[in-house]
Amino acid sequence: MRAPAIRWVEQDQHAGPTTAHYPGRDGGTMMASKKDEQRSFRRLLAVEPGSKVDLGEFDAGETFGRDKDAAEADLGKILARLADLQSRLWAEAKHRVLVVMQGIDAAGKDGTIQVIAGAFNPQGTPVTSFKVPSPIEQAHDYLWRVHQRIPGKGEIGIFNRSHYEEVLVVRVHELVPEERWRKRYGHVRDFERMLTDEGVTILKFFLAIDRDEQRQRFQERVDDPAKRWKFSFGDLEERKRWDDYRAAFEEMLEETSTKYAPWYLVPANRNWLRNLAVGEILADTLDDLKPAYPPAEEGAEGVKVE
Ligand code: AMP
Ligand code: MG
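Counting starts from 1 at the beginning of each chain's written sequence and moves along it residue by residue. Working convention: letters from A go to chains and numbers from 1 go to ligands, in the order in which they are written. For this predicted model, a pLDDT threshold of at least 70 governs which residues receive local features, and a threshold of 80 or more governs which side-chain atom pairs are given and counted, while totals over whole chains, interfaces and linings are taken from all residues. Side-chain numbers come from the whole structure's heavy atoms, not from hydrogens or water.

Helix numbers and strand numbers start at the N terminus; a helix is a DSSP run of H or I with at least 4 residues, a strand a run of E with at least 2. Under the convention used throughout, the expected extent of a helix is 1.5 Å for every residue step, that is, one less than its residue count. Taking 1.5 Å as the rise per residue, helix H10 (residues 211–223) with 13 residues should run 18 Å; its terminal C-alpha atoms sit 18 Å apart, in good agreement. Each residue's exposure class comes from its accessible area (1.4 Å probe, protein chains only) as a fraction of the maximum for that residue type: buried when under 20%, exposed when over 50%, partly exposed otherwise. Within H10, the full set of buried residues consists of Glu213, Gln214, Arg217, Phe218 and Arg221. The buried residues of H10 all sit within an arc of 135° when viewed along its axis, so they share a single face. To be clear, the arc concerns the directions from the helix axis to the C-beta atoms.

Any two of the Phe, Tyr and Trp rings considered here, Trp counted by its six-membered ring, make a pair once their centres fall within 6.5 Å; the pair's planes then place it as stacked at under 30 degrees, edge-to-face at over 60, or tilted in between. If you walk through the whole model with that rule in mind, you get eight aromatic pairs. Measuring from centroid to centroid gives 4.9 Å for Phe130 and Phe159, while their planes differ by 75°, and the two rings are edge-to-face. Taken together, the residues span a long stretch of sequence, with Phe130 in the loop between strand E2 (127–129) and helix H5 (135–138) and Phe159 in strand E3 (residues 156–160) at a distance of 29 residues. Here Phe159 falls in the buried class, since its relative accessible area comes to 0%. Through pairs of rings, three or more aromatic residues link up here, namely Phe206, Tyr245 and Phe249. In this structure, Arg184 packs its charged tip against the face of Tyr142, placed 4.3 Å from the ring centre. We note Arg193 situated over the ring of Tyr260; from NZ or CZ to the ring centre the distance is 4.3 Å. The rule is short: NZ of Lys or CZ of Arg within 6 Å of the ring centre and within 35 degrees of the ring normal puts a charge over the ring.

Now for the pattern of salt bridges. Each salt bridge in this description consists of a side-chain nitrogen of Lys or Arg and a carboxyl oxygen of Asp or Glu lying within 4 Å of one another. Counted under the stated rule, the structure contains 24 salt bridges. Its salt-bridge partner being Asp105, residue Arg161 comes within 2.9 Å of it at the nearest N-O pair. Of this pair, Arg161 sits in the loop between E3 and helix H7 (169–172) while Asp105 sits in the loop between strand E1 (96–103) and helix H4 (109–117), placing them 56 residues apart in sequence. Relative accessible area serves as the criterion here: at 23%, Arg161 is assigned to the partly exposed category. When its relative accessible area of 17% is taken as the criterion, Asp105 is described as buried. One salt bridge in this structure joins Glu250 and Arg246, with 3.0 Å as the shortest N-O distance. A residue pair is termed a helical-turn pair when its members lie 3 or 4 positions apart in one helix, as Glu250 and Arg246 do in helix H12 (residues 242–256) at four residues. Overall, the relative accessible area of 13% leaves Glu250 in the buried class.

Any link to function would need more than the numbers given here.
Shown next as structure tokens:
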């Protein structure tokens, strides 16, 4: 039996800890898959504040007993829910929602955004891809460029990479000294606390693939002429630092998963499972906001337009 990658505990404080982890690919015994199906991805994948994360033990190919054949129909329902929720959120112009996507190269950040944001009206769902900071960005503090992209009222803002690069690539490549990047966990917790206090709903997805899955995906990029543009030799250099990234990801998840801005650790070897998980978690979170269309003008109902 595999050791738990993280201590999976119920988000409901009153329920107390569960009996630990879900079954691995080898058919671990802690929970029947049927029971898993009844559990929401939000509960299954949330990284509890204060928990230890061991990505080496995490099964990125986990399916939670879900069925690939049924996944397409399930995803269709989730996308329909998302479309309805986003339409209300946009009309109401009250809530602000920030979705953060992180993951190693080829983890599927772009693919997930394509599928999930595909359900939305683009006007209300700005996507920001964070690249190597420009000279003007580098001339400012590291949250400067991030703060400007925080969604406004009615918007669902999606970050493809984020301020978390400041404790990931920056750490792995020693772009700033440790004594500086180490303070950033605290800065980021405070920044996200301020945002949530001011009415932003934050949810963060870490897409976990394993090393062999990354190899296959890079190979596919090389082999497929339509994907070759995505391949870079730099990716191979980064791949050599797999273990350094792993340590950086683990500490990021441990240090910055909070009740108010939780990380969800998503098994992402299988795209269909990843899409279901991210879609469901986002839909459930939007549901909690109960977005509603604004009331019509007095007397509008039944008006005959000449
Ligand atoms: P991609 O996501 O493939 O378009 O690549 C974007 C690149 O920008 C990645 O290699 C990131 O590591 C890099 N990047 C993003 N944010 C930062 C940052 N704050 N500092 C340094 N590099 C970054
Ligand atoms: Mg890339």
